[in-house]
Amino acid sequence: MDAEQFRKAGYQAIDRICDYHYSLRDRPVSSQVEPGYLRKALPSSAPTEGQDFQLIADDYQKYIIPGLTHWQHPSFFAYFPTSSTFEGILAELYASSTSNPGFNWSASPACTELEAVVMDWTAQILGLNKAFLNISEVGGGVIQTSASDSVLVATVAARSRYIREHPHVAMEDLVLYITTQTHSLGKKAGLVLGLKVRTLEVTAQDNFALRGDTLKVALEEDVNAGFHPFILIGTVGTTSSGAVDRLDEIADVAKHYPFLWLHVDAAWAGVAFVCPEYREAYQLPAINNYADSFCTNFHKWGLIHVDGSCLWVRHRRHLTDALDVTPEFLRSKHGDASTFLFLLSRLYQYSRMCIGTAIDYRNWHLGVGRRFRSLKFWFALRARGVNGFQKYITDCIRLNARFAQRIYESDLFSVVTKPSLAMTVFRIAPKSLAYLETSELNALNRAFHARLAARSDIAITQTDLNGVFCVRMVIGAEQTVESDIEQAFALMKDEAMVLVRNWDGIGGRRGRKTGVVPSHSH
């Protein structure tokens, strides 16, 4: 493909992308294909000769689009949202047009410098402490691929710091703390790094938040038993319920254990800090005062394309001490990995502005090469402005408040835990079946979710909160409006009524429910 062919194909691609977004509301939310559909449709090997690009572009429409779940659909309420904006699409196009690995400043100065700038911009609009800014030259921010990578990097840094300060401690005696509501990223970090993981219990009475007393007991038990807890993964906005760990209480306990690293995973809810009215309730003051590291995913609820996970650390040195592996061929006079040059500059009082002043982001994550991810942040932040981000967040929260109100007013449903920002966790709990025990209600709600999952006009996910099976409603698509919320509630009510009538029809006697009324695809 030459430049003119690319120009022609590019015009068509932009037109088709626009048509796709305009047509989202008319499409099924979830893909209707069966596993293995694509292998059956495509040749068993790559073509020997190159093919006409128009055929390739048409095959994307024919084979790939039908196999996509449309995460930006106005009726997509599953998992957490995944952002997609026209500004971001253009940024990704520009970034891919100048492909480079970005492993140090010299590889492409703009890649490193723009990342340092936009990470400070995002820290500022979230209200993070100045200690987390790159311009502080002490802490700083870096774009990771996911919150899981951010946790892994933070854990590596915390482990390195702890072993450096306690060189005689055996690796097998280190303990990583999570809770029963921490995302699976906590356990995965333990698996990858070969660490003991202790899971702390949280309760419905505490809104599934980790309390300081629970942490205090665990620390006393483990220290007395000869173990060494070195990191706690606290959460702001848990996946299952949007719970917020009591970081203020945790900090009061942790100050007696200065070796304990506090990482805060706010992958979804953290973006809401762009709205000052949510900062105190969601523990930003404690984050600013006590957290060693903090992560939020702008690619979830922040109008940035995947991948855009933001990680800030209070002391960047802990990252680079743990992750700096710099062979001679990666050294440069501008890189912060040029330790010997930096020492020379101190010894002979050379200007720091001349030697070792640029960030080498390869030492802030596990890989070496890096994508030019900061460009989509720059485009979106400039195109939308702080006001645009705030409006998007508050619109989602307003729509969720409307949905939660419908649940509260219903005789069919009940809220399982207090709605959190743009999330409501609920279940069927009909007043007409008030005698049902938890196991029976769980069976009823599993059937309810199965019926919803069988539909093509809505996407929604389930969870389990300490033995209570329930359904999560999360709002985040930019195209979602109030009529979509009303439509979602109406179809949920219809599906629930089918199940309730069936249960009543069996005789309304406890334990008699055995079958599930089949659902139909919509």
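Everything numeric here is computed off the predicted structure, so don't read it as measured data.

K.L.:
What is the right way to look at the overall build of the protein in this model?
P.N.:
Along its length, the protein carries 16 helices and 11 strands. Taking 2.2 N^0.38 as the reference for a compact globule, 522 residues should give roughly 24 Å; the C-alpha atoms of the protein span a radius of gyration of 25 Å, in line with that estimate. Looking at the protein residue by residue over its 522 residues, the buried ones come to 50%. Summing over all exposed atoms, the protein offers an accessible surface of approximately 24,400 Å²; the carbon and sulfur share of this is 55%. Computing the positive centroid from 53 side-chain charges and the negative centroid from 54, the protein places the two 2 Å apart.

K.L.:
Quick question: what am I supposed to make of the pairing of strand 7 (residues 309-313) here?
P.N.:
Every regular strand shows the same layout, with side chains that alternate between the two sheet faces. With 5 of its 5 residues buried, strand 7 lies for the most part within the structure. Alignment of strand 1 (residues 140-144) against strand 7, held across 5 bridges, turns out to be antiparallel. Each residue of the ladder has a partner; that of I143, found in strand 7, is C310. Where strand 6 (residues 293-297) lies against strand 7, 5 bridges are found, and the strand directions are antiparallel.

K.L.:
Is there a simple way to think about unusual backbone geometry in this case?
P.N.:
For residues other than glycine, phi is negative in most cases, and the peptide bonds are mostly trans. Of the consecutive residues V306 and D307, the connecting peptide bond is found in the cis state with omega at 5°. Following the sequence through the fold, D307 ends up in the loop between helix 11 (298-301) and strand 7. Unusually for a residue other than glycine, L421 sits at a positive phi of about 55°. Structurally, the position occupied by L421 is in the loop between strand 8 (413-420) and strand 9 (423-428). Taking relative accessible area as the criterion, L421 reaches 8% and is therefore assigned buried.

K.L.:
Explanation requested: helix 3 (residues 53-64) in the structure shown.
P.N.:
An α-helix turns once per 3.6 residues; consequently, residues spaced three or four apart project the same way. The end-to-end C-alpha distance of helix 3 is 15 Å, a good match for the 16 Å that 12 residues give at a rise of 1.5 Å each. Measuring from the side-chain oxygen of the N-cap residue of helix 3 to the backbone nitrogen of Q54 gives 3.0 Å; that N-cap residue is D52.

K.L.:
Is there a simple way to think about the pairing of strand 1 in this case?
P.N.:
Burial of strand 1 is extensive: 5 of the 5 residues sit out of reach of the surface. On strand 1, burial covers both faces: G140, V142 and Q144 on one face and G141 and I143 on the other are all buried.

K.L.:
Looking at this structure, I do not really get the packing of helix 1 (residues 3-22) against helix 3. What am I missing?
P.N.:
At a minimum axis separation of 11 Å, helix 1 and helix 3 run at an interaxial angle of 10°. Relative to helix 3, the element helix 1 lies roughly parallel. The residues of helix 3 that touch helix 1, namely those facing A9, Q12 and R16, are F53, Q54, A57, D58 and Q61. Partitioning the contact of helix 1 with helix 3 into residue classes produces 3 nonpolar, 3 polar and 2 charged.

K.L.:
Could you clarify how one ought to interpret the packing of aromatic side chains in this entry?
P.N.:
Both the distance between ring centres and the angle between the ring planes are used here to describe each pair of aromatic rings. Counted by the stated rule, this structure contains 19 aromatic pairs. A ring pair is formed by Y94 and F379, whose centres lie 5.9 Å apart and whose planes are at 70°; its orientation type is edge-to-face. Pair noted here: Y94 is in helix 4 (residues 86-97) and F379 is in helix 14 (residues 374-409), with a separation of 285 residues, a long-range link. Residue classification places Y94 among the exposed residues on the basis of a relative accessible area of 51%. On the accessibility criterion, F379 (22% relative accessible area) is partly exposed.

Definitions and limits used
Residues numbered from 1 in each chain as written. Predicted model: local features only at pLDDT ≥ 70, side-chain atom pairs only at ≥ 80, totals over all residues. Heavy atoms only, no water. Helix = DSSP H or I, 4+ residues; strand = E, 2+ residues; numbered from the N terminus. Rg over C-alpha atoms; globule rule 2.2 N^0.38 Å. Buried < 20%, exposed > 50% of the residue type's maximum accessible area, 1.4 Å probe, protein only. Areas by Shrake-Rupley, 256 points an atom, 1.4 Å probe, with all protein chains shown as cover. Lys, Arg positive; Asp, Glu negative; His and termini not counted. Charge placed at Lys NZ, Arg CZ, Asp CG, Glu CD. Pairing = 2+ DSSP bridges. Expected span 1.5 Å × (residues − 1). Polar contact = N/O pair within 3.5 Å; in protein donor to acceptor, adjacent residues only side chain to side chain. Axes fitted to C-alpha atoms, helices over the stretch in contact; angles between N-to-C directions. Parallel < 35°, antiparallel > 145°, perpendicular 65-115°, else oblique. Contact = heavy atoms within 4.5 Å. Nonpolar A, V, L, I, M, F, W, Y, C, P; charged D, E, K, R; others polar. Phe/Tyr/Trp six-rings, centres within 6.5 Å; stacked < 30°, edge-to-face > 60°.

Everything listed is a geometric property; what it means functionally is a separate question.
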